[in-house]
Amino acid sequence: MSYHGWTKPLALADPVPTHRTRTAIEWPTLALLAATYALWACGTTLLYTLSPVLGVIVTAVAIAQYCSLQHEALHGHPFHTAWLNEALVFPALYPTVPYGRFRSTHLAHHHDPVLTDPYDDPESNYLDPAVWARQPHWLQAVLRVNNTLLGRMTIGPVLGNLLWLRSEARLLRRDRAVQRDWLLHLGGLALLVLWLSVAPMGWAGYLIAFYLATALLKIRTFLEHRAHEAHRARTVIVEDRGPLALLFLNNNLHVVHHMHPQVPWYRLPELYAANRDHYLRRNDGYAYRSYAQIFARHFLRAKDPVPHPLMPEDPAYTMRRNAGAVPELSKKGTP
């Protein structure tokens, strides 16, 4: 990827991973998935009966953990066999995103040379400056608020899901692979509908839990990537070892995951500890001590502008990159 002469230096040599050879079954991942389903079932039933507030909160945490485990599954965990991993996360606990679409967009995102590109990175939160300049002032104001952590957690779940579903609706009309993924997703949704038809929580409570789960996930994705001339320096490290690190399955050590996506979540901390200086050199020091530091810095203050700061405001360039299509105000990745 090059923005009118913007080129990236070669990446540093990667260290040899120090994790042990993969086992046939990664039991920590399998055990955590079983615990997550149990927690979700308990939150929607027993805990909701005891206290609707507690039930919703616990269910939200379980949904967020489930999404992190889906992420592990699409990277080949806990089994070597893809269909087994897909079967494990088949129930649609996160109802707006089919697993197949998550897999396709996220694996495309893992092509590091296009990270943060508004067109080529499916998970970019930046806009092309030429597209940004054409947006009405009220929408620009909304998107600026969304670029604070408070905004990302409050309006981000709605904004992200609306843009995602609009984009998916367009693809459904012409893309057979997208149609297949949504048809499979209907089976997972059917299981969710059957459960909620008898569970005390019902749909009203579940939608609140779903919203809160999305807000939790927004904490992780808020600053995972930044605009930088070197693609090796676009991915963050958050040296947090608290409950959010477990909820996100150590993806706060995000540059380690991008370099070694085959390494399971429970090996990432030891891999990072063994090569800390290397990773910090590699990403040019893009690091935070903890999520508490991120909240302190960015809860009310944006980290980034909405328009990509390294792209030119050149409409002709925009149209070339977008292959003649009208640039869209949406990202292709999951909410």
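Up top you'll find the structure we're talking about.
All of the points below concern the structure found in this document. Just so it is clear, the structure is predicted and the values come from calculations on it, not from any experiment.

Now for the side chain of H110. With respect to the secondary-structure elements, H110 resides in the loop between α5 (99–109) and α6 (129–133). Using a relative accessible area of 15% as the deciding quantity, one classes H110 as buried. For H110, the side chain forms a polar contact with the side chain of H106, separated by 3.1 Å. Once residues lying within four places of it in the same chain are set aside, the contact partners of H110 are H75, H257, H258 and P261.

Another point: unusual backbone geometry. The step from H77 to P78 runs through a cis peptide bond, and the omega angle for that step is 5 degrees. The residue P78 is located in the loop between α3 (52–74) and α4 (82–88) in this model. At L249, a residue that is not glycine, the phi angle is positive and equals roughly 50 degrees. Here L249 shows up in the loop between α12 (243–247) and α13 (254–259).

With that settled, the discussion passes to empty space enclosed by the protein. Applying the stated criterion across every chain, the model contains five cavities of 30 Å³ or more. One number sums up the size of the largest cavity: a volume of about 600 Å³. Along its surface, the largest cavity is lined by 33 residues, and E123, N125, T221, E224 and T334 are the ones closest to its centre. The set of elements that each furnish at least two residues to the lining of the largest cavity consists of α3, α5 and α11 (202–221). When residues of the lining of the largest cavity are assigned to their parent elements, the largest contribution, five residues, is made by α11. Of the residues in the lining of the largest cavity, the class split is ten nonpolar, 14 polar and nine charged. Computed from the structure, the second largest cavity encloses a volume of approximately 140 Å³.

What counts, and at which threshold
- Starting afresh in each chain, residues are numbered from 1 along the sequence in its written order.
- Note on the predicted model: pLDDT of at least 70 is required for a residue's local features to be given, and 80 or more for side-chain atom pairs to be given and counted; whole-chain, interface and lining totals, by contrast, use all residues.
- Note that water and hydrogens are dropped before the side-chain values are worked out from all heavy atoms of the structure.
- Helix and strand assignments follow DSSP, with helices taken as H or I runs no shorter than four residues and strands as E runs no shorter than two, numbered in order from the N terminus.
- When a residue's accessible area, from a 1.4 Å probe over protein chains only, is under 20% of the maximum for its type it is buried; when over 50% it is exposed; and in between it is partly exposed.
- Each polar contact in these results corresponds to two N or O atoms within 3.5 Å; when the atoms are within protein, one needs to be able to donate a hydrogen and the other to accept it, and residues that are neighboring in sequence are counted only if both atoms are side-chain atoms.
- The contact criterion used throughout is that any non-hydrogen atoms of two residues lie within 4.5 Å.
- Put simply, the grid is 1 Å and covers the protein atoms alone, a cavity is a trapped set of points that fit a 1.4 Å probe, a pocket is an open set with protein on both sides within 12 Å along at least five of seven lines, and lining residues have an atom within 4 Å of a point.
- Grid points are joined across faces, edges and corners, and a volume is the space filled by probe spheres set on the points.
- Gly counts as polar in this scheme, as do all residues outside two lists: the nonpolar Ala, Val, Leu, Ile, Met, Phe, Trp, Tyr, Cys and Pro, and the charged Asp, Glu, Lys and Arg.

By themselves, these are just geometric observations and shouldn't be taken as functional.
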